[in-house]
Amino acid sequence: NIIVTLDIKPEDSGTCTGVQTAILNFPGAKVTYEIKVPLTGEKVQFKFANNADANPYFHPGEFDPKTMKIVEHLDHVGHGESVQYTGGAMGVSTMVFSKEG
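Fair warning: this is a prediction, and the values are worked out from it, not measured in the lab.

## Side note on the layout of surface pockets
By volume, the second largest pocket is sized at about 270 Å³. In terms of lining residues, the second largest pocket is bounded by 14 residues, among which F26, L74, A89, M90 and V92 are the most central. Every element with two or more residues in the lining of the second largest pocket is listed here: β2 (19-26), β3 (29-36) and β5 (57-64). Classifying every residue of the lining of the second largest pocket by side-chain character gives 13 nonpolar, 1 polar and no charged.

## A short note on the confidence of the model for the protein chain
Residues at a pLDDT of 70 or more form 87% of the protein chain, whose mean pLDDT is 84. Mean pLDDT across the secondary structure elements of the protein chain bottoms out at strand β1 (residues 5-9), with 83, and peaks at strand β7 (residues 76-79), with 96.

## Describing the side chain of E72
Checked against the element boundaries, E72 lands in strand β6 (residues 69-73). In this structure, E72 is buried with no salt-bridge partner, the nearest side chain bearing the opposite charge being K47 at 14 Å. Within polar-contact distance, the side chain of E72 engages the side chain of Y33 at 2.9 Å. Not counting residues up to four positions away in its chain, the partners in contact with E72 are L24, Y33, F48, H59, P60, G61, S93, T94, M95 and F97.

## Quick notes on the pairing of β3
Inspection of the sheet shows β2 paired to β3 by 8 bridges, in the antiparallel sense. Residue pairing across strands places V19 opposite K36, the latter belonging to β3. The turn joining β2 and β3, which pair antiparallel and follow one another in sequence, is formed by 2 residues; a positive phi near 85° is taken by G28.

Thresholds, definitions, all that
Residues numbered from 1 in each chain as written. Predicted model: local features only at pLDDT ≥ 70, side-chain atom pairs only at ≥ 80, totals over all residues. Heavy atoms only, no water. 1 Å grid on protein atoms, 1.4 Å probe; cavity = no way out; pocket = protein on both sides within 12 Å on 5 of 7 lines; lining within 4 Å. Points joined across faces, edges and corners; volume = space filled by probe spheres on them. Helix = DSSP H or I, 4+ residues; strand = E, 2+ residues; numbered from the N terminus. Nonpolar A, V, L, I, M, F, W, Y, C, P; charged D, E, K, R; others polar. pLDDT = per-residue confidence, 0-100. Buried < 20%, exposed > 50% of the residue type's maximum accessible area, 1.4 Å probe, protein only. Lys, Arg positive; Asp, Glu negative; His and termini not counted. Salt bridge = Lys/Arg side-chain N within 4 Å of Asp/Glu carboxyl O. Polar contact = N/O pair within 3.5 Å; in protein donor to acceptor, adjacent residues only side chain to side chain. Contact = heavy atoms within 4.5 Å. Pairing = 2+ DSSP bridges.

See below:
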């Protein structure tokens, strides 16, 4: 089994801009994303944005408050407003996260 974790961190500044930090940990890598989540109460779509990369990119993501699951679509990569299908990263097309405990 491969263990992958996604840690969501609140804003450090104490202000409420809606920008959160998501840290994706998997064997051999750690990626820090910035995610901006609109607060609608319904299923929320957002971008896992890797702005620290030399060529900043994002993967589309979503959160469903009914199932309490976060989905990251690794099979799509975006730059600016353009999103392309890539087939996935390292053989993984979608990751689904749910809270433990």
